[in-house]
Amino acid sequence: MASLNLLIVVCLVYVALLFAVAFMAERAALRGRAAFLRSSVVYTLSLSIYCTAWTFYGAVGYAARSGMEYLTIYLGPTLVMVGWWWVLRKLVRIGRTQRITSVADLISSRYGKSNTLAVFVTALAVIGTTPYIALQLQSVTLSFASFARADPSSAVPADSRSTALWVAMGLAFFTILFGTRNLDANERHHGVVMAIALEAVVKLFALLAVGVFVVWGVGGGIEATLARIDASEIGQWQMDGGRWAGLTMLSAAAFLTLPRMFQVLVVENEDEHQLRTASWAFPAYLMAMSLFVVPIAVVGLEVLPPGANPDQFVLTVPLSQGQDKLAMLSFLGGFSSATSMVIVAAIALSTMVSNHVVMPIWLRFAGGGAAVAGDVRHLVLLARRVSIAVILGLGYLYYRVSGGGTALAAIGLVSFAGVAQFLPALMGGIFWRGATRIGALAGLGTGFVIWCYSLLLPSFGGGILMTDAVMAYGPWGIAWLRPQALFGIEGLDPLVHAVMWSLGLNTVVFVTGSLLSFPQPLERLQGAQFVNVFEHSGNPQSWSGGTAQSEDLLIMAQRMMGPAQAQALFQAEAARQGLAGYLPEPTPEFLQRLERELSGAVGAATAHAMVGQIMGAATVSVEDLLAVADETAQMMEYSSQLEAKSAELTRIAGQLREANEKLTKLSVQKDAFLSQISHELRTPMTSIRAFSEILRDAPDLSSHDMTKYASIIHDEALRLTRLLDDLLDLSVLESGQVSLNMRDGRLVSVIDQAVAAAGVAEERLTIRRDRTREDIGLTSDLDRLAQVFINLIANARKYCDATAPLLSIEVAQRGNAVVVDFVDNGAGIPTDSQALVFEKFSRVAEGESAGGAGLGLAICREIMARLGGEITYLPGQGGAAFRVILPVAAMRAAQ
Amino acid sequence: MGKHVLVIEDEPNIIEAISFILMRDGWAVHTHSNGNDAVAAVAAHDPDLVILDVMLPGRSGYDILTDLRAAPATRDLPVLMLTARGQAKDRELAERLGASRFMTKPFSNAEVLEALRDLVPS
């Protein structure tokens, strides 16, 4: 008799074997010795996760209930595989070039990296997959129960719900262990793929074994079996054309859009050439799987008592015939089907949940700084693990809620119809550039709502979520809203009805929405990348080396890094590889190193894009381009900063040059000044010394001479004193440290004072004045003003060379100023000296000892500047003419 | 008759002082106070020695010295230069141009006389 305990032991051993296979495959992949993992056989076998427990057990049940219709489930994928050149190849190429990690990722990437869309697709995928996972749990539970019934010694209740729970937990454990061991940028899982390939072999072998036993062991050979089939009802059933077409299309759609199928078809694909083999090998596999479905169903219906669950025929027929070992093999086949599907589905869904739901939320709350922290990896792994547990938990929950009573095939089709809603957005996305995010969202939303309303909710059975009244008469009695007769279309099969409305309206809304909305720039770029993927991407196999590419790389590197550095880098690498010459093989290590070196010059994103472009391994994605644009923007900003700095430096350099010129000029002026000071000081000192020596050394001097020489010494001493006074005065005036003694007075008295002080009374200089016009009140430093006048009068006295020297002092009020002109009747100042007359030590009257050091007019100019007025020389007045202008403010204040 | 000296100087007091000490020492003294026709004055007086000030009205003592050294008649004429600008570069310039002696004002009377006796041995 069949032993339940033995079954459990066999199951555990089998699981242990799967662990071992997965583990070894991972190790091999890590060491890079995983050529066999890339083989087309493994790829094809991994696709067999399409054949779940539903196919393994359910197809027979399906055949027993609906005849040949079960074939539609195989027909759809077969069509897709045969037509791989048009759709699958494109999907795989896009998946590779855009580094797509899931169906949600593909759709969101296509529509401008819309996270809303990704979340939506993820949610829909989880909702659509949950019944499917429940289905697997149910099938394992049922098959386990079948065994339990056959084992009289067993105390385990036949329909133990704990079985489903244990299975769910075990699967969660296995999936977490191998699906989230590590983070791979490409989301590939070598261990898992190897394990499911092994399971694919087991389930095919088991089903074939049962089939062979049924045909030859029970049915009595091929002819006899065929005769039985002809005799049975299955042979008689009419085909429902609409349902056939609908189901074929549905299964084809689901084959492309089921998250787990997308995972193995696109994400786990190592090489496009695997598709070519799979395109015939996988249909062959499906055919082998379906070969004995009808015989088993027919024989089961005959052999087993009426009322036996046809979904369990694969198991119960051998059991009823006492073939315990065969039954056990069959059980393992079903177990394999269920586990492989659940594992891959959970991995695919957890990737979507963590990438599109958990991480965006976490990144938003963690802020920008967290993105670089090392614990992101742990967070992602944790998110995946929790997601896997939650997804399996949901499956278990659905199993409990739905009561586990519904036929396997029916649940499977509900799931199919759910995920098939991705199809319009997916196909539109890769074939139609006009497809937009708005259209995709609207279409998906519409399809999802109709699917829920017309298929998912009713699938829970009457009274749970949809009351019988709603089902029969529509909500609030609105007949055209009846879930299974929308818009008054009656008499259709509920599934076909739901698929037609949901997918049909989904497509219509998607197309309409796309036509009416305008895509964003990123969306348009991505759309072009996706639709024209073959134009943008090279053959992925072609990057495996060649000196032509090395040469291209070198040319590019030279431009970026400069010839010497680039050649040194390439030569060093070539030497390291043991190659003669300067061109190394473009090994991945070298490419990485080159990228690192280049990123120093042009930024990481640009370097990556350039190397990628040359190697043709991947096209430059929009993300890459945007990163490049960011870098460029940063560089431009940096460069404009540099430019600004450079301009500033130029400006400062100009200022420095000016300052330097000024200093040089000042230094020259200082030298000239010192030289002149020296001259002005030494000249009187020479006389003083010479005459004092004469007085000392010549005792025979006449008293007249003695008096004369002593007077000279005295005059020269006074001259020295005046010079020093003037110098100090000028120094104070020039430094601006002079304190002015502003007070009210009248111009006439200032001039009176100046004339008296200039000592003209006893000299021959005549002064002509108009005292009434001079009677002007003013506020100024009157002593300083008088100093200016004294200087001018003294100059006239000293330098006027007329025979009858005459100085006219003329006062006039002009606009805002009072003007005082001093004009004598001498020869005046030569034109070429006029400009210099106010400079220090610029004595105009040469050769005559005028008793001044040439500082008088310089002092006058400084004083007038301090008083807010000015002094100028008036050319063309006959004699020397100076004009003093006093500011109006100083004048008015006194009036 | 003593030796003949021409004093080219613009400062009246200094002219008077130099004339006094030189005449007491037995020199025949002529004076000239303008730079413009100083070279002509030298030619006219044909002195045994010239005392030449640097800062003269009209023409600088350096220019006059240059002219004197350029003319064959006065190439070897002893010239004592006096200047009130006592900087090193002035001395260098004077020596380069061929001044026989260079003295800075104010000078010592004894030094001047000693220099003259050196330049024109009796």
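Residues numbered from 1 in each chain as written. Chains lettered and ligands numbered in written order. Predicted model: local features only at pLDDT ≥ 70, side-chain atom pairs only at ≥ 80, totals over all residues. Heavy atoms only, no water.

*Asks:* How should the overall build of chain B be read in this particular structure?
*Replies:* Check the secondary structure of chain B and you find five helices and five strands. Helices (α) and strands (β) of chain B occur, in sequence order from the N terminus, as β-α-β-α-β-α-β-α-β-α. Within chain B, the fraction of its 122 residues that count as buried is 53%. Once local pairs closer than 6 in sequence are excluded, the contacts in chain B between residues at least 24 apart make up 60%. (Helix = DSSP H or I, 4+ residues; strand = E, 2+ residues; numbered from the N terminus. Buried < 20%, exposed > 50% of the residue type's maximum accessible area, 1.4 Å probe, protein only. Contact = heavy atoms within 4.5 Å.)

*Asks:* Help me out: how do you make sense of the overall build of chain A in this one?
*Replies:* What chain A contains, in helices and strands, is 35 helices and seven strands. When each of the 895 residues of chain A is scored for burial, the buried share is 52%. Summarising the internal contacts of chain A: among those between residues at least 6 apart in sequence, 79% fall at separations of at least 24. For chain A, the computed accessible surface area is about 39600 Å², with 61% contributed by carbon and sulfur atoms. (Areas by Shrake-Rupley, 256 points an atom, 1.4 Å probe, with all protein chains shown as cover.)

*Asks:* Hey, could you run me through the pattern of salt bridges in this one?
*Replies:* A side chain with one charge may pair with a side chain of the opposite charge, provided their charged atoms come close. All names here are of chain A. For the structure on display, the rule yields 24 salt bridges over all chains. The residue arginine 769 makes a salt bridge to glutamate 774 at a minimum N-O spacing of 2.7 Å. A residue is classified by how much of its surface remains accessible, and arginine 769, at 24% relative accessible area, is partly exposed. Assessed through its relative accessible area of 0%, glutamate 774 is described here as buried. (Salt bridge = Lys/Arg side-chain N within 4 Å of Asp/Glu carboxyl O.)

*Asks:* Help me out: how do you make sense of the sheet that holds strand β6 (residues 870-873) of chain A in this one?
*Replies:* As a general point, the strands of a sheet are linked pairwise by backbone hydrogen bonds and lie either parallel or antiparallel. Residue and element names in this part refer to chain A. Taken in spatial order, the five strands make up an open sheet running β2-β4-β5-β7-β6, and their pairing is mixed. Edge strands, defined here as strands with exactly one partner in the open sheet, are β2 (766-768) and β6. Each adjacent strand pair in this sheet contributes to an overall mean axis angle of 20°, direction not counted. One ladder, built from three bridges, connects β2 with strand β4 (residues 806-814); its direction is parallel. Looking at the pairing, isoleucine 767 lines up with leucine 807 of β4. Sheet contacts for helix α31 (residues 747-757): β2, β4, β5 (817-824) and β7 (881-887); angle to β4, the most-contacted strand, approximately 160°. (Pairing = 2+ DSSP bridges. Axes fitted to C-alpha atoms, helices over the stretch in contact; angles between N-to-C directions.)

*Asks:* For this particular structure, what's the right way to read the interface of chain A and chain B?
*Replies:* You'll often see interface size given as the accessible area lost when the parts meet. Chain A puts 25 residues into the contact, and the matching count from chain B is 24 residues. For the chain A and chain B pair, buried surface summed over both sides reaches about 2200 Å², with 56% attributable to carbon and sulfur atoms. Sorting the residues of chain A by area buried against chain B places His679(A), Arg682(A) and Thr686(A) first, and these three jointly supply 25% of that buried surface. The tally of links from chain A across to chain B stands at three salt bridges. In this structure, the salt-bridge partner of Arg719(A) is Glu11(B), at a minimum N-O distance of 2.6 Å. Linking chain A with chain B are 10 residue pairs in polar contact (both at pLDDT 80 or more). Secondary structure elements with two or more residues in the side of chain A that touches chain B: α29 (622-697) and α30 (703-735) of chain A. Ranked by the residues each element gives to the side of chain A that touches chain B, the list is headed by α29(A), at 14 residues. (Buried area = accessible area lost by both parts, 1.4 Å probe. Polar contact = N/O pair within 3.5 Å; in protein donor to acceptor, adjacent residues only side chain to side chain.)

*Asks:* Quick question: what am I supposed to make of the pairing of β5(A) here?
*Replies:* Two faces, one strand: in a regular strand the side chains alternate between the faces of the sheet. All names here are of chain A. Across the eight residues that make up β5, a large majority, eight, are buried. A two-sided burial pattern is seen for β5, the buried positions comprising Ala817, Val819, Asp821 and Val823 on one face and Val818, Val820, Phe822 and Asp824 on the other. Taken together, the eight bridges between β4 and β5 define a ladder with antiparallel strand orientation. By the bridge assignment, glutamine 813 is partnered in β5 with valine 818. Between β4 and β5, which pair antiparallel one after the other, the connecting turn spans two residues, and glycine 815 there sits at a positive phi close to 55°.

*Asks:* Mind showing me how you'd approach the sheet that holds strand β4 (residues 79-83) of chain B here?
*Replies:* Residues and elements named next belong to chain B. Strand order in this open sheet of five strands is β2-β1-β3-β4-β5, and the pairing throughout is parallel. Both outer strands of the open sheet, β2 (28-32) and β5 (101-104), are each paired with one neighbouring strand and no more. When strand polarity is set aside, the average angle formed by the axes of neighbouring strands in this sheet is 20°. Two elements, strand β1 (residues 4-8) and β2, share five bridges in a ladder whose sense is parallel. From the neighbouring strand, isoleucine 8 faces β2, where its bridge partner is histidine 32.

*Asks:* What exactly am I supposed to notice about the packing of aromatic side chains here?
*Replies:* What characterises a pair of aromatic rings is the spacing of the ring centres plus the angle enclosed by the ring planes. The tally for this structure, following the rule as stated, stands at 21 aromatic pairs over all chains. Pairing Phe56(A) with Tyr57(A) gives two aromatic rings, centres 5.2 Å apart and planes at 90°, and the pair type is edge-to-face. This pair shows no difference in class: Phe56(A) is buried, exactly as Tyr57(A) is. Considering the side-chain rings of Tyr709(A) and Phe20(B), the 5.4 Å spacing of their centres and the 80° angle between planes classify their relative orientation as edge-to-face. With one member in each of two chains, Tyr709(A) in helix α30 and Phe20(B) in helix α1 (residues 12-24) form a pair that bridges those chains. The pair Tyr709(A) / Phe20(B) is uniform in exposure class, with both members buried. Ring pairs connect the aromatic residues Tyr50(A), Tyr132(A), Phe255(A), Phe282(A), Tyr285(A) and Phe416(A), which therefore count as one cluster. (Phe/Tyr/Trp six-rings, centres within 6.5 Å; stacked < 30°, edge-to-face > 60°.)

*Asks:* Please clarify how α30(A) should be interpreted in this entry.
*Replies:* Compared with an ideal rise of 1.5 Å per residue, which puts 33 residues at 48 Å, α30(A) spans 48 Å between its outermost C-alpha atoms and is within 8% of the ideal. Along α30(A), the positions that sit buried rather than exposed are Tyr709(A), Ile712(A), Ile713(A), Glu716(A), Arg719(A), Leu720(A), Leu723(A), Leu727(A), Asp729(A), Leu730(A) and Leu733(A). (Expected span 1.5 Å × (residues − 1).)

*Asks:* Quick question: what am I supposed to make of helix α13 (residues 273-291) of chain A here?
*Replies:* Residue and element names in this part refer to chain A. In a regular helix each residue adds 1.5 Å, so 19 residues correspond to 27 Å; α13 covers 28 Å between its end C-alpha atoms and thus fits that length. The largest bend in α13 is about 40°, located at serine 279, with the proline proline 283 one to four residues further on. Every buried residue of α13 is listed here: Gln274, Leu275, Ala278, Ser279, Ala281, Phe282, Pro283, Tyr285, Leu286, Met289 and Ser290. (Bend = angle between axes of the 7 residues up to and from the residue.)

*Asks:* Looking at this structure, I do not really get the environment of Thr872(A). What am I missing?
*Replies:* Residues and elements named next belong to chain A. Take threonine 872: it is sitting in strand β6. C-alpha of threonine 872 to C-alpha of aspartate 821: the two residues are 51 residues apart in sequence and 9.6 Å apart in space. Once residues within four sequence positions are removed from consideration, threonine 872 is found in contact with Phe838, Ala881, Phe882 and Arg883.

*Asks:* Whenever I open this one, the side chain of Asp824(A) confuses me. Can you help?
*Replies:* Residues and elements named next belong to chain A. With respect to the helices, strands and loops of the structure, aspartate 824 is situated in strand β5. Of the polar contacts made by the side chain of aspartate 824, one reaches the backbone nitrogen of glycine 826; its length is 3.1 Å. Residues in contact with aspartate 824, not counting those within four places in the same chain, are Ala796, Cys800, Leu806, Leu807, Gly879 and Ala880.

*Asks:* Even after reading the chapter, I still don't get the packing of helix α5 (residues 88-97) of chain A against helix α19 (residues 422-431) of chain A, so can you show me in this structure?
*Replies:* When two helices pack together, their arrangement is given by the angle between the helix axes and the distance between those axes. Residues and elements named next belong to chain A. Contact geometry for α5 and α19: axes closest at 11 Å, N-to-C directions at 80°. Taken together, the axis directions place α5 and α19 in an arrangement best described as roughly perpendicular. Contacts from Lys90, Leu91 and Ile94 in α5 reach Leu426, Ile430 and Phe431 in α19. Across the contact of α5 with α19, the residue classes tally to five nonpolar, no polar and one charged. (Parallel < 35°, antiparallel > 145°, perpendicular 65-115°, else oblique. Nonpolar A, V, L, I, M, F, W, Y, C, P; charged D, E, K, R; others polar.)

*Asks:* Explain empty space enclosed by the protein to me, please; I cannot follow it from the model alone.
*Replies:* In this approach a probe as big as a water molecule rolls over the atoms, and the regions it shows empty are the leftover space. All names here are of chain A. Here the structure, examined in full by the defined rule, presents three cavities of 30 Å³ or more. When its volume is computed, the second largest cavity comes out at roughly 40 Å³. Only α3 (53-66) and α4 (71-82) provide two or more residues apiece to the lining of the second largest cavity. Sorting elements by how many residues they give to the lining of the second largest cavity places α3 first, with four residues. Class assignment for the residues of the lining of the second largest cavity results in six nonpolar, one polar and no charged. (1 Å grid on protein atoms, 1.4 Å probe; cavity = no way out; pocket = protein on both sides within 12 Å on 5 of 7 lines; lining within 4 Å. Points joined across faces, edges and corners; volume = space filled by probe spheres on them.)

*Asks:* Got a minute to help me understand unusual backbone geometry in this structure?
*Replies:* Excluding glycine, residues mostly carry a negative phi; peptide bonds, for their part, are mostly trans. All names here are of chain B. A cis geometry characterises the amide bond from lysine 105 onward to proline 106, with omega recorded as -5°. Along the polypeptide, proline 106 turns up in the loop between β5 and α5 (109-119). One non-glycine residue, aspartate 46, lies in positive phi territory at about 45°. Assignment of secondary structure puts aspartate 46 in the loop between α2 (38-45) and β3 (49-53).

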